[in-house]
Amino acid sequence: MNDKLNETSLDTITGALCEIMGIEPPNGAKEGNEALISYAKNVFGGEKADRIFMYNPDAIAQWIYEKYPCLFTETVKRTDIAVPLLSPMPSVTPVCFATMYTGTQPESHGIRKYEKPVLKVDTIFDAMIRAGKKCAIVAHTGCTVSSIFLEREMDYFSYDTQEEVHARVAELIIEDKYDFIAIHACNYDTLMHKNGTESLTSLSEIKVNTAFYAMFDALIKKHWKNHNVFMGYGMDHGCHEIDAGAGSHGLDMPEDLNITHFYKAYKKE
Ligand SMILES: [Zn+2]
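How each quantity is defined
Residues numbered from 1 in each chain as written. Predicted model: local features only at pLDDT ≥ 70, side-chain atom pairs only at ≥ 80, totals over all residues. Helix = DSSP H or I, 4+ residues; strand = E, 2+ residues; numbered from the N terminus. Rg over C-alpha atoms; globule rule 2.2 N^0.38 Å. Buried ≥ 20, exposed ≤ 12 C-beta atoms within 10 Å, placed from the backbone. Contact = placed C-beta atoms within 7 Å. Arc of directions from axis to C-beta. Pairing = 2+ DSSP bridges. Axes fitted to C-alpha atoms, helices over the stretch in contact; angles between N-to-C directions. Parallel < 35°, antiparallel > 145°, perpendicular 65-115°, else oblique. Left-handed = near helix turned anticlockwise from the far one by under 90°. Nonpolar A, V, L, I, M, F, W, Y, C, P; charged D, E, K, R; others polar.

A. Structural view of the overall build of the chain. Assigned secondary structure in the chain consists of 12 helices and nine strands. Taken against the 2.2 N^0.38 rule, which gives 18 Å for 269 residues, the C-alpha radius of gyration of the chain at 17 Å falls within 12% of a compact globule. Considered along the principal axes of its C-alpha atoms, the chain spans approximately 50 × 35 × 35 Å. Looking at the 269 residues of the chain, the share that counts as buried comes to 54%. Sequence separation of 24 or more characterises 70% of the internal contacts of the chain that already satisfy a separation of 6 or more.

Pasting the structure below:
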């Protein structure tokens, strides 16, 4: 296992996505991820993306990816650029998603522990809405992502099961109405806490996420072929094993902080 911390922060994603879409980033967002920006520029030949699709599976650590690459095969096939990133501290879900989608560190966005207040600071969703983009979040009822970005002029879809979450995403792709869709998939996180990071039960969930992502990719290629699409499979933080066959995260350690995001761009036909 890599025992060094990744150098590039998760706070570079919002700036990159805004630049790739050609909109002003939210106030205070850090400089966008250079590797992603230049990759997208290259694929779109100087044009901007008009669809961004972000699939966010919770808690899948970089070390899990390195140890079990077979669970990621179909995601990697749909990836042109894999970006190692560093989650903020404490590495818990609300803190990390606030960093991912504001482009700032916890001292700026204000979520510094496991709590789910509605963010009052500027987020990527606010920036998109100001630029006239239609945004949607699809997530599990009551989870971080369905809570902290509320109160914006956008659409929120929350469901009690992962099957409903993923089915709605498929419908939204076919509807071809939203410019930016963010999906939170918390299935691995939920099972990892109870059953351990490497139990068959937990690891099977990653295969589920991979299969759903591959299906979304197929739908996007068919239904969004008239758009410049930028899509990503991006985690919030990692995880580590604790006693009694359970899993956890939140600590200042490479297992919890190192993540890898997978991205791909499709130029319109
Ligand atoms: Zn999380």
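B. Region of the structure containing helix H2 (residues 34–44). Buried within H2 are the following residues: Leu36, Tyr39, Ala40 and Phe44. Seen from one end, H2 has its buried residues packed into an arc of 115°, which puts them on one side. In H2, the exposed positions that point more than 90 degrees away from the buried face belong to Ser38 and Asn42. Next to the buried residues of H2 lie helix H1 (13–21), strand S2 (81–86), strand S6 (229–233) and strand S9 (258–266). Positive phi shows up at glycine 45, right after H2, with a value of about 55°.

C. Geometry of the pairing of S6. Counting buried residues in S6 gives five out of five residues, a clear majority hidden from the surface. In this structure, strand S1 (residues 51–57) lies alongside S6, joined through five bridges in parallel fashion. Bridge pairing in S6 links methionine 54 to glycine 232.

D. Looking closely at the environment of valine 165. As for its position among the elements, valine 165 is in helix H9 (residues 162–175). Exposure remark for valine 165: the 24 C-beta atoms within 10 Å place this residue in the buried category. Considering only alpha carbons, one finds valine 165 and isoleucine 183, 18 residues apart in sequence, at a separation of 8.1 Å. Contacts of valine 165, omitting those with residues within four sequence positions, involve Val138, Ala139, His140, Tyr159, Ile183 and Ala185.

E. Main features of the packing of H1 against H2. Viewed as axis vectors pointing N to C, H1 and H2 meet at an angle of 20°, and their least axial separation amounts to 9 Å. For the element pair H1 / H2, the angle class is roughly parallel. Crossing of H1 over H2 shows right-handed handedness. Touching Ala16, Glu19 and Ile20 of H1 are Leu36, Ile37 and Ala40, all from H2. A class-by-class count of the residues in the contact of H1 with H2 yields five nonpolar, no polar and one charged.

F. Examining helix H10 (residues 187–195) more closely. Regarding H10, the residues found buried are Asn187, Tyr188, Asp189 and Met192. Positioned one or two residues after H10, glycine 196 has a phi angle of 95°, which is positive.

G. Main features of the environment of cysteine 135. Within the secondary structure, cysteine 135 sits in strand S3 (residues 135–140). Since 23 C-beta atoms lie within 10 Å of it, cysteine 135 is described here as buried. In the structure, cysteine 135 is positioned 10 residues away from valine 145 in sequence and 13 Å away in space, judged by C-alpha atoms. Excluding anything up to four places from it in sequence, cysteine 135 contacts Phe125, Met128, Ile129, Met154, Tyr178, Asp179 and Phe180.

H. Spotlight on the packing of H9 against helix H11 (residues 200–223). In contact at an axis separation of 9 Å, H9 and H11 are set at 15° when each is read in the N-to-C sense. By the angle between their directions, the pair H9 and H11 is classed as roughly parallel. You can see that H9 and H11 cross each other, and the crossing is right-handed. Of the residues in H11, those touching H9 at His166, Val169, Ala170, Ile173 and Ile174 are Phe212, Phe216, Leu219, Ile220 and His223. A breakdown of the residues in the contact of H9 with H11 according to their chemical character gives eight nonpolar, two polar and no charged.

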